[in-house]
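Coordinate inspection notes
Here are the chains, one letter per residue:
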Amino acid sequence: MKGAMNNRNQRTLLQEKLFMSSSPIPVWLLTEKGVAFADIPTYPKGRMVDFCIIGSAKCGTTSLDEDLSHHPRVFCCRPKEPHYFSSEILLKRGEEWYTGLYAEAGVDQICGEASTSYTRWPLVAGTAERMFRANPRMKLIYIVRNPVDRVQSELLQTVKYLKNVVGVDLRHLPLDDVFEKMENPASPYYSAIAETSKYENQIVEFERFFPKNQILILTQGEFRKKPEETMRRVQNFLGIGPNPRPLETVPRNVTSDFFKKTAHEQTADRLRDHPLYPLAHKILPRSLKSKILSNLARPADPATRHLSKDLRRQLEAEFESYNKIFERRIGLPWAEW
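These notes cover the structure that comes with them. (Residues numbered from 1 in each chain as written. Predicted model: local features only at pLDDT ≥ 70, side-chain atom pairs only at ≥ 80, totals over all residues. Heavy atoms only, no water.)

**Quick look at the nonpolar core**
In this structure, Leu68, Met131 and Val234 are the most contacted members of the largest nonpolar core, which totals 78 residues. Top contributing element to this core by residue count: helix H6 (residues 147-166), with seven residues. When residues no more than four places from it in sequence are discounted, the contact partners of Val234 are Leu64, Leu68, Ile141, Leu216, Leu218 and Phe223. (Core = buried A, V, L, I, M, F, W, Y, C linked by side-chain atoms within 4.5 Å. Buried < 20%, exposed > 50% of the residue type's maximum accessible area, 1.4 Å probe, protein only. Helix = DSSP H or I, 4+ residues; strand = E, 2+ residues; numbered from the N terminus. Contact = heavy atoms within 4.5 Å.)

**Quick word on the packing of aromatic side chains**
All chains considered together, the criterion is met by 14 aromatic pairs. Here Tyr84 and Phe85 contribute two aromatic rings whose centre-to-centre distance is 5.1 Å and whose plane-to-plane angle is 75°, an arrangement assigned as edge-to-face. Of the two residues, Tyr84 and Phe85, both sit in the buried class. When the ring of Phe132 is compared with that of Phe209, the centres are 6.4 Å apart and the planes differ by 35°; the resulting orientation is tilted. Placement of the pair is Phe132 in helix H5 (residues 127-134) and Phe209 in the loop between helix H9 (199-207) and strand E7 (215-219), with a sequence separation of 77 residues. For Phe132, a relative accessible area of 26% gives the class partly exposed. Put simply, the rings of Phe75, Tyr84, Phe85, Trp97, Tyr98, Tyr102 and Tyr118 touch in pairs and so form one group of aromatic residues. (Phe/Tyr/Trp six-rings, centres within 6.5 Å; stacked < 30°, edge-to-face > 60°.)

**So, the sheet that holds strand E5 (residues 110-113)**
Strand pairing in a sheet takes place through backbone hydrogen bonds and is either antiparallel or parallel in direction. Judged by pairing direction, the sheet is parallel, and its five strands sit side by side in the order E4-E5-E3-E6-E7 without closing on themselves. Looking at the sheet topology across the chains shown, the edges are occupied by strand E4 (74-76) and E7. Averaged over all adjacent pairs, the angle separating strand axes in this sheet is 25°, with direction ignored. When E4 meets E5, the two strands line up parallel, connected through three bridges. The partner of Cys76 across the bridge, within E5, is Gly112. Contacting strand E3 (51-55), E4 and strand E6 (139-144), helix H2 (residues 61-69) crosses the sheet at an angle of about 160° to E3. (Pairing = 2+ DSSP bridges. Axes fitted to C-alpha atoms, helices over the stretch in contact; angles between N-to-C directions.)

**Considering the state of the cysteines**
Scanning all chains against the criterion turns up zero disulfides. Cys52 takes part in no disulfide bond, and the closest cysteine sulfur, belonging to Cys77, lies 9.6 Å away. With relative accessibility at 0%, the residue Cys52 sits in the buried group. For Cys77, a relative accessible area of 1% gives the class buried. (Disulfide = S-S within 2.5 Å.)

Listed below in structure tokens is the structure:
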């Protein structure tokens, strides 16, 4: 997108090679050990899922999945996102392999998963039809949030992912530059981040196959303002009733925790040459060491944590027409999502 900050002199030749290459494996299937789920065998007597949390990424899907997994009448796939219906490499393993992920579900439990790649149309096409053919009665839950905030959050998540899994460190780059890289279709890590925030386009793909009464649309704002009421809507939608042992709803998969840890690590690296560091590291309690590191940590460049005002305005303009349609669909202005 024009207007994104350009800072190519900061990029190494290795990073340029990585980002301009192509990869047959989707970014969401890569792990530190290779391809996710590659080592999971086929288990017999499995079951097809009854519901899927289809997205959107960075909108609270992990928290909802975790909460549902503790309900006695729900069996959730682990890991949370099998990406079966959106990945050719896993589709080749066959339906028996996928249903085997739920072989341990009880007879009185419903089965579900939460692959956010299912709402990355048009990058991932045909997902809705494959899911409908697998189970025409499948129920779908779709969570959204302020679309520009979602883009920013996913970019930060991508920076975290690239550092921890791929070994590419972009933490020093302005987030606008990260956006420019991620939105390049030639990048092996391209995941249609902007298109994913066009919620109307995503849900229409599913409505081509699934009746509206099998789709529940929620907002992150509703979970924050009315967590108990919103969870009851989910439970009623799935037909499972309230959890007799409800959990306290807390944010999960919080990207900011990664950057806080990064700041601590960088500060600790600076202090290691101090003659008193070994002694302090040995005798001080962990809580005090964490407090000291927080106080001494250098503030991060805001440009590496936030989109610029110019890019935010460009994205707001790009999303405007889609937001208006989606506002009418759910009856809430996009600023409250």
